[in-house]
Amino acid sequence: MTLHEQIEAAIKDRLAVAQAAQPGPWMTGETAPHLVDAVVYGQSTSWPGHITQACNVEYADGGMANARAIAANGPDRIIRDCQRDLKVLARHGPARRLGGVHEICAHDWADSDGWLSMWPCAEIADLAESYGITPTEGTP
Ligand SMILES: [Zn+2]
């Protein structure tokens, strides 16, 4: 599996997890007086226009901090992040092999600045790192 394929698979796995979760936006209970502070609420799938509990971290060690972190990273946010990452990946695919060894990143053909970047370019290396993938030198 190429680095490009590894990153794409990791993004799509993350996207599928977020799409299967209760829809966002998620919010903590502290946002409304009748809700429980350390409970995270999301959009109801069975009662449109209403919210229901997505998870309850009231008794977790992190309590309110956990609730805020979970709500800030709800499925709607993750879906947007994954969609952005797939666009970045599409712009930065390996485009051309030089001397049978290295690839040139596709973004160089589009930006026409006269400089070539080897695959993976800095953007792809950062994207791979964010998904816990270590680029191997010479791997397309
Ligand atoms: Zn690139």
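Here we come to the nonpolar core. Counting ten residues, the largest nonpolar core is built from Leu3, Ile7, Ile11, Ala18, Cys82, Cys105, Trp119, Cys121, Ile124 and Leu127. Where this core is concerned, the elements lending two or more residues are α1 (3-20) and α5 (122-130). Sorting elements by how many residues they give to this core places α1 first, with four residues. Leaving out residues up to four positions away in the same chain, Leu127 has contacts with Ile7, Asp85, Val88 and Leu89.

The general pattern is negative phi for most residues beyond glycine and trans for most peptide bonds. The omega torsion across Gly24 and Pro25 is 5°, close enough to zero to call that bond cis. Take Pro25: it is sitting in the loop between α1 and β1 (27-28).

The topology assignment puts Glu123 in helix α5. Glu123 gets classed as partly exposed once you count the C-beta atoms within 10 Å, which come to 15. Separated by 16 residues in the primary sequence, Glu123 and His107 place their C-alpha atoms 9.9 Å from one another. Setting aside chain neighbours within four positions, we find Glu123 in contact with Val88 and His92.

The next subject is the packing of α1 against helix α3 (residues 75-91). Two elements in contact, α1 and α3, have axes separated by 9 Å at closest approach and are oriented at 160°. Here α1 lies roughly antiparallel to α3, going by the angle between them. Classified by chirality, the crossing of α3 by α1 is left-handed. Facing α1, whose interface residues are His4, Ile7, Glu8, Ile11, Arg14, Leu15, Ala18 and Gln19, α3 presents Pro75, Ile78, Ile79, Cys82, Asp85, Leu86 and Leu89. In terms of residue class, the contact of α1 with α3 is built from ten nonpolar, two polar and three charged.

Rules used throughout
- Residues numbered from 1 in each chain as written.
- Predicted model: local features only at pLDDT ≥ 70, side-chain atom pairs only at ≥ 80, totals over all residues.
- Core = buried A, V, L, I, M, F, W, Y, C linked by C-beta atoms within 7 Å.
- Buried ≥ 20, exposed ≤ 12 C-beta atoms within 10 Å, placed from the backbone.
- Helix = DSSP H or I, 4+ residues; strand = E, 2+ residues; numbered from the N terminus.
- Contact = placed C-beta atoms within 7 Å.
- Axes fitted to C-alpha atoms, helices over the stretch in contact; angles between N-to-C directions.
- Parallel < 35°, antiparallel > 145°, perpendicular 65-115°, else oblique.
- Left-handed = near helix turned anticlockwise from the far one by under 90°.
- Nonpolar A, V, L, I, M, F, W, Y, C, P; charged D, E, K, R; others polar.

Taken by themselves, the reported measurements are silent on function.
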